[in-house]
2 protein chains.
Amino acid sequence: MLTVNEAFETVINTAADFGTELVAIKQAEGRILREKIIADRPFPPFDRVTMDGIAIKWSSYAEGKRTFEIEDLQAAGMPQKTLHGNGCVEVMTGAIVPENADTIIPYEDLVKNETGSFAVVKEIKRNQNIHVRGSDVELGAVLLNEGIRIGGAETAVLATVGKDKALVSKQPKIAIVATGDELVEITDQPEQHQLRMSNVYALYNQFKNIGIEASIHHFKDDKEVLSANFSLLFKEKDAIICSGGVSAGKFDYIPQVLNELGVTILFHKVKQRPGKPFLFGLAENKVPFFGLPGNPVSGFMCLHRFVFPWLFKSLQFAQESIITRAVLASALKFDKPLTFFVPVKLSISSQGYLMADPHATNGSGDFATLTSANAFMELPENRDFFEAGEVYPVWMY
Amino acid sequence: MLTVNEAFETVINTAADFGTELVAIKQAEGRILREKIIADRPFPPFDRVTMDGIAIKWSSYAEGKRTFEIEDLQAAGMPQKTLHGNGCVEVMTGAIVPENADTIIPYEDLVKNETGSFAVVKEIKRNQNIHVRGSDVELGAVLLNEGIRIGGAETAVLATVGKDKALVSKQPKIAIVATGDELVEITDQPEQHQLRMSNVYALYNQFKNIGIEASIHHFKDDKEVLSANFSLLFKEKDAIICSGGVSAGKFDYIPQVLNELGVTILFHKVKQRPGKPFLFGLAENKVPFFGLPGNPVSGFMCLHRFVFPWLFKSLQFAQESIITRAVLASALKFDKPLTFFVPVKLSISSQGYLMADPHATNGSGDFATLTSANAFMELPENRDFFEAGEVYPVWMY
């Protein structure tokens, strides 16, 4: 049986590349950038006024001049004007600094005389209130690298350099499959021995949260049905995420069906709780099969510990997460030779620690438990006692 | 001039309610739930087999019986069978426990005899491997409360209780408005004194990230144009987010136009850097006007510090964020009597502290700065020195 790390390496090493596509900037949110973004102009592209007021020549002020006649007006969006004399040009935030001017005095440091001229009433500094051309970014500078996720700020950078489309990773086609004859549709009234399908909707919305619209399927526990349908999905999809059907039961046909379809089962079972029956296979065309345990908490954990890292690597996503580890808030005992994943509720302590408050789950674990937590903490297999205050990896969901 | 907290209270007190709507479960991701979700059955709804193996009567085992003849088969999805004799029923994970049986022995603790019967080869415990009816959740228990955000786990809970639709907060209609005659379209080649429009796309994608499709507008710095267009937007939208046009410049007509449209300006200017010119008004029909400064970093900060909290309250979102404060990683000096918002890059230290590494911004601040950070740290106005190791609020973006 593989350890969590061995299983993880096995999964990660099969990472694919779904290719790239151009998307409009308004569709780019959350997508992974696949091109370098270069400054096509310095930024700011011109000496830019940062306060409303007047533009003067420092030399006039240095020579003792304190009253400035208005010669012209320079607002944002106007082509550059020129300060010809020793007066001033009235300027607005965002305007280009007029030619010959080199210092901006804001209205709050000025008094307007009855004649319309401005008197300076405060000490000023040479070159003040000018955002100098190229001081933020030089022409040709790399503004964004490949592999980042496009958020609000990245969108603005794209717009600034004139990119109304961005080259991003294509989203994979994901199939989510429910197996289990005990499952009925949400809107059905289940018999005593039946359950409504729920895992697949949890998986669906977890993918949706990262911008991927998966397809949902439910197949009967029947070899022929499974074989025919999986055969089709391996042709059409980039990955199959299957919930249930991978333990050792008499009707857990999936390992057998996968074998017959030529899928190489890279592992079946991982030294972890929950999620021990987790199966991972690779079809001849390199489409992966993630056989998640049917238990809700197990499947959810495997999604975040194995499937999403595989997906992010396949999307060439290269940024680090912020939240990677946390402080265990209360002691735990787990003396099996398995990696133990415990649902935790994360919060920041008054001292600035990221604390992980473990949520008791009974052996089976249901989704109600998961809604009051927000991450799994990963407790290593080589320990039996985990003390409050120790730091362990966490996987947020 | 209001302090940050006063401005925040003013904004928050105008929180609206956009009403509710029913959405299909596959559209519910990220939405705010507006109904209590109650367990319509206990969970599990029946005594559920948790391992593949056999179901026996404990009494037979207690009397010394160690070999069990197979009487029947109970798989998941089959109506309940009965163990009539002293043998066993072969059972699969997820099945209902057969009548009269009370203990499940997994295959790994059994040896199958040539005759087909099973011999027990390990010590077993009474009632083992049964997930007892109602042990996770009692009938009628509250599974989800109003005001939570629907993620994967919550989706599964909805499905479990038969909800294929959920009652959620309606999304508001948001208008994002760019002002500034210096702005040109993304695809235009700007003249020297011009800039491409970028702030509005950053705002657009920040709203998109939380599931809201805003409309984007660009109005010329012309009183008539602004008046006519804002008048229309106040009728059609739930909020107007305007970028630029709120400083004291000659062409910053917006305060005047708002006054003429009957909008009450609740504040104009906040004791903060960046973002001092931030304006907030309320129309007669209670539609708010957020006048964000045109400076990219300022506008972005005001969005996260003021607009989103207003939005979340209006959506009746009642969950706490995980990340609310962090540890300043290096000392800072800021001696103005203003609250100072500094872009920081958050990460977890090896001891489990959430560290905030401040990113130097020049006075103006551009989006390139923001892409290498991921939050603003809020440093209070009554201090001039901020030491490494101190804890302050953060606002993630």
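These numbers come from a predicted model, not from an experiment. (Residues numbered from 1 in each chain as written. Chains lettered and ligands numbered in written order. Predicted model: local features only at pLDDT ≥ 70, side-chain atom pairs only at ≥ 80, totals over all residues. Heavy atoms only, no water.)

Colleague: Which parts of the structure should I look at to understand the relation of the copies chain B and chain A?
Modeller: It takes a turn of 180° to lay chain B on chain A, together with a shift of 0.1 Å along the axis; the resulting RMSD is 0.1 Å. Both copies are brought into coincidence by an operation consistent with a two-fold rotation axis. Relative to the rotation axis, the C-alpha of Tyr353 of chain B is the closest in chain B, positioned 2.1 Å from it. By residue overlap, the copies meet face to face through one surface: 99% of the interface positions of chain B are interface positions in chain A. (Least-squares fit on C-alpha atoms with pLDDT ≥ 70 in both. Contact = heavy atoms within 4.5 Å.)

Colleague: Would you mind showing me how to read the domain arrangement of chain A here?
Modeller: Think of interface size as the accessible area that goes away when the parts come together; that is how it is often given. Domain annotation for chain A reports domain 1 (4-18 + 171-314), domain 2 (20-42 + 136-169), domain 3 (48-131) and domain 4 (325-396). For domain 1 of chain A versus domain 3 of chain A, the separation of C-alpha centres amounts to 68 Å. (Domains from an automatic or database assignment.)

Colleague: Would you explain the pairing of strand E22 (residues 288-292) of chain B in this entry?
Modeller: Residue and element names in this part refer to chain B. Summarising burial for E22: five of the five residues are buried, a large majority. By the alternation rule, side chains of E22 split into Pro288, Phe290 and Leu292 and Phe289 and Gly291, which are all buried. In terms of strand pairing, strand E18 (residues 239-243) meets E22 through four bridges, oriented parallel. By the bridge assignment for E22, Ile240 is matched with Phe289. Across four bridges, the pairing between strand E21 (residues 279-282) and E22 is antiparallel. Within E22, the residue paired with Leu282 across the bridge is Pro288. If you look at the hairpin formed by E21 and E22, you'll find five residues sitting between the two strands, and Lys286 has a positive phi there, around 75°. (Buried < 20%, exposed > 50% of the residue type's maximum accessible area, 1.4 Å probe, protein only. Helix = DSSP H or I, 4+ residues; strand = E, 2+ residues; numbered from the N terminus. Pairing = 2+ DSSP bridges.)

Colleague: Would you explain the pattern of salt bridges in this entry?
Modeller: Opposite charge on two side chains lets them pair, provided their charged atoms get close. All names here are of chain A. Across all of its chains, the model carries 30 salt bridges over all chains by this definition. Linking Asp181 and Lys220 is a salt bridge whose minimum nitrogen-to-oxygen distance equals 3.9 Å. Here Asp181, found in the loop between strand E14 (174-179) and strand E15 (183-184), pairs with Lys220, found in the loop between strand E17 (215-219) and helix H5 (223-236); they are 39 residues apart in sequence, far enough to count as distant. Assessed through its relative accessible area of 25%, Asp181 is described here as partly exposed. The class of Lys220 is partly exposed, set by a relative accessible area of 44%. What emerges from the salt-bridge pattern is a single network uniting Lys333, Asp335 and Lys336. (Salt bridge = Lys/Arg side-chain N within 4 Å of Asp/Glu carboxyl O.)

Colleague: It is not clear to me how the sheet that holds strand E10 (residues 118-120) of chain A should be interpreted in this structure. Could you clarify?
Modeller: Hydrogen bonds between backbone atoms are what pair the strands of a sheet, whose relative direction is either parallel or antiparallel. Residue and element names in this part refer to chain A. Taken in spatial order, the three strands of this open sheet run E5-E10-E9, and their pairing is antiparallel. Strand pairing shows two members of the sheet lacking a second neighbour, strand E5 (67-68) and strand E9 (110-112), which therefore form its edges. Alignment of E5 against E10, held across two bridges, turns out to be antiparallel. Note on E10: the bridge partner recorded for Thr67 is Ala119.

Colleague: Sorry, what's going on with the nonpolar core here?
Modeller: The tendency in soluble globular proteins is for nonpolar side chains to be buried as a group. Residues and elements named next belong to chain A. Counting residues in hydrophobic clusters, the biggest one holds 68 residues, and the most contacted among them are Phe207, Phe290 and Leu311. Counting residues per element, this core draws most heavily on helix H7 (residues 296-314), at 10 residues. Every residue in contact with Phe207, bar those within four places of it in the chain, is listed here: Ile174, Ile176, Ile212, Ile241, Leu303, Val307, Phe308 and Leu311. (Core = buried A, V, L, I, M, F, W, Y, C linked by side-chain atoms within 4.5 Å.)

Colleague: Before we go on, may I ask you to explain the interface of chain B and chain A in this structure?
Modeller: With 96 residues of chain B in contact, the opposing surface of chain A contributes 95 residues. Carbon and sulfur atoms supply 60% of the area that chain B and chain A bury against each other, a total of about 7600 Å² over both sides. Between the two partners, chain B and chain A, sit two salt bridges. The salt bridge partner of Asp40 of chain B is Arg196 of chain A, with a shortest N-O separation of 2.9 Å. Taken together, the connections running from chain B to chain A amount to 31 residue pairs in polar contact (both at pLDDT 80 or more). (Buried area = accessible area lost by both parts, 1.4 Å probe. Polar contact = N/O pair within 3.5 Å; in protein donor to acceptor, adjacent residues only side chain to side chain.)

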